[in-house]
Structures are given as C-alpha cells and as structure tokens.
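Chains, contacts and geometry: an overview
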Amino acid sequence: MTWFASPPVGYFIDRFGCRIASFLGGLLCIVGLLSTSFVPSLSYMYLTYSLVFGVGGCFLYNCCYLVIARYFKRNLSLATGIVAMGTSLGLTFQCPLLQCLLDSYGWRATVRVMTIFFALVCLLSLTYNPNVDQPQEKNVNNSINKAEDDSTMNKKKIVMYCSVWLIPTYAFVVISLMFGSFGIYVPFIYLVRH
C-alpha cells in the first residue's frame, strides 16, 4: 500500500500539508497496529495491517520525503540522503528490539508496543512549521485561477493525480513494487537461523 496509495495521499498532502498528513498517518498506523493485535484470524489481519497500517505508512513515507523539499532548497540531496540513511539505521536497532519483545511477550504485545513509536511520530509531526509547509507554487496558482470555482479546481486536481495511472511505466513499476513487497522480507525471516 505504501506505493499504491501514493497518488491520493500526494493529493491529500498538497491540499492539507505535511503536518496534518503526518499526524493522520501516525494515527492510522496506531489504529492499524492496535486492531491487528486483537484480530482473531489472518483474514482480518489483511484488512487491519495491510490496508489501515499500509495507508498510514504511505502517509508517513510520502510526507517524510516531501517535507524535505519544502525545508531545504540548498543541500536538498544531502538532506534526502540523511533521511534515507535514517531508515536503515532505524531498522538496525529496531529489529533486535522487536525480536526480544517477540521472544518475551509474543506477537500481540509486540505489535501493541510498536504503537508507542507511532505515538511519538504523531507528536513529532506537530513540529512541522505550517508556514514552510506551503509550496510557493500554490500562491501563484491561486492568483491565476481566482475566477474558477473551488470545487472545479479540486476535481481537476483529483483527475490530475489519478491520471498518473494512465502512464504505462508508472503503473507497471507501482504494481510490480506492490507485488514484490509481498515477498521482500521472506529472506530476512529465514536468515535469522543462520
């Protein structure tokens, strides 16, 4: 869901800003994880973890990289590299911690503990400066299109975001990544034994 839901999430971020979108993404992750910890079967987990948590992760992933471009005009590539490196460093420390929790308390309690991290994400998302959050292009577009009705503009923006699916290369890459992500962690699971 991280890549599949990106067009509507990108529209939401442009409309409401990274601050609100990050907070909403963190809340969706918390709801997804908490509801996953109570599911009675795997079929419900597809809904709670894959859909709810996946869409929340999509909000956070997209905001994480979009907000960098709004804060950094110079040294944008360096800032993006540092943020991308943070993912790897986070996984380096998160994986052993989660394994200890799994061994000690089981998967349901571990998933509940993971919600603490996303509560922290919700709090940290409130530190985004909403004045920096607005791209300068929005002001130019608003002054040019003052005569147009807001609902007409919103419909045009939604069509513009959804029209990306008409580009065959984009559709192929996103759908491939979606199916590829089903098995991306399988080698890591089996490597634990070695």
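See the structure shown above.
Residues numbered from 1 in each chain as written. Predicted model: local features only at pLDDT ≥ 70, side-chain atom pairs only at ≥ 80, totals over all residues. Heavy atoms only, no water.

1. Regarding the overall build of the protein chain
Definition in use: Numbered from the N terminus, helices here are DSSP runs of H or I no shorter than four residues, and strands are runs of E no shorter than two. Partly exposed residues are those whose accessible area sits between 20% and 50% of the maximum for their type, while under 20% is buried and over 50% is exposed, using a 1.4 Å probe and protein chains only. Only heavy atoms enter the contact rule, under which two residues are in contact if any of them lie within 4.5 Å. Note on areas: Shrake-Rupley, 1.4 Å probe, and residue coverage restricted to the protein chains presented here.
Counting its secondary structure elements, the protein chain contains 10 helices and 0 strands. Each helix and strand of the protein chain, ordered N terminal to C terminal, gives the series α-α-α-α-α-α-α-α-α-α. Considering the protein chain as a whole, with its 194 residues, one finds that 25% of them fall into the buried category. Contacts spanning at least 24 positions in sequence make up 74% of the contacts within the protein chain whose residues lie at least 6 apart. In the structure as shown, the protein chain presents an accessible area of about 13000 Å², 71% of it carried by carbon and sulfur atoms.

2. Let's talk about the environment of Pro-7
By the secondary structure assignment, Pro-7 is in helix α1 (residues 6-16). Put simply, Pro-7 and Val-164 are 157 residues apart on the chain and 7.7 Å apart in space, counted from C-alpha to C-alpha.

3. Here's the deal with the nonpolar core
To keep it simple, the criterion reads: In these notes, a set of buried Ala, Val, Leu, Ile, Met, Phe, Trp, Tyr and Cys residues joined through side-chain atoms within 4.5 Å is what counts as a nonpolar core.
Among the nonpolar cores identified, the biggest contains 11 residues, and these are Cys-29, Ile-30, Leu-33, Phe-53, Leu-60, Leu-98, Leu-101, Val-111, Met-114, Phe-118 and Cys-122. Of all the elements in the fold, those that place two or more residues in this core are α2 (18-36), α3 (42-71), α4 (76-105) and α5 (107-125). Leave out the neighbours within four places in its chain, and Ile-30 touches Thr-115, Phe-118, Ala-119 and Cys-122. One finds Ile-13, Ala-21, Cys-63 and Val-67 within the second-largest nonpolar core, a separate group that totals 9 residues.

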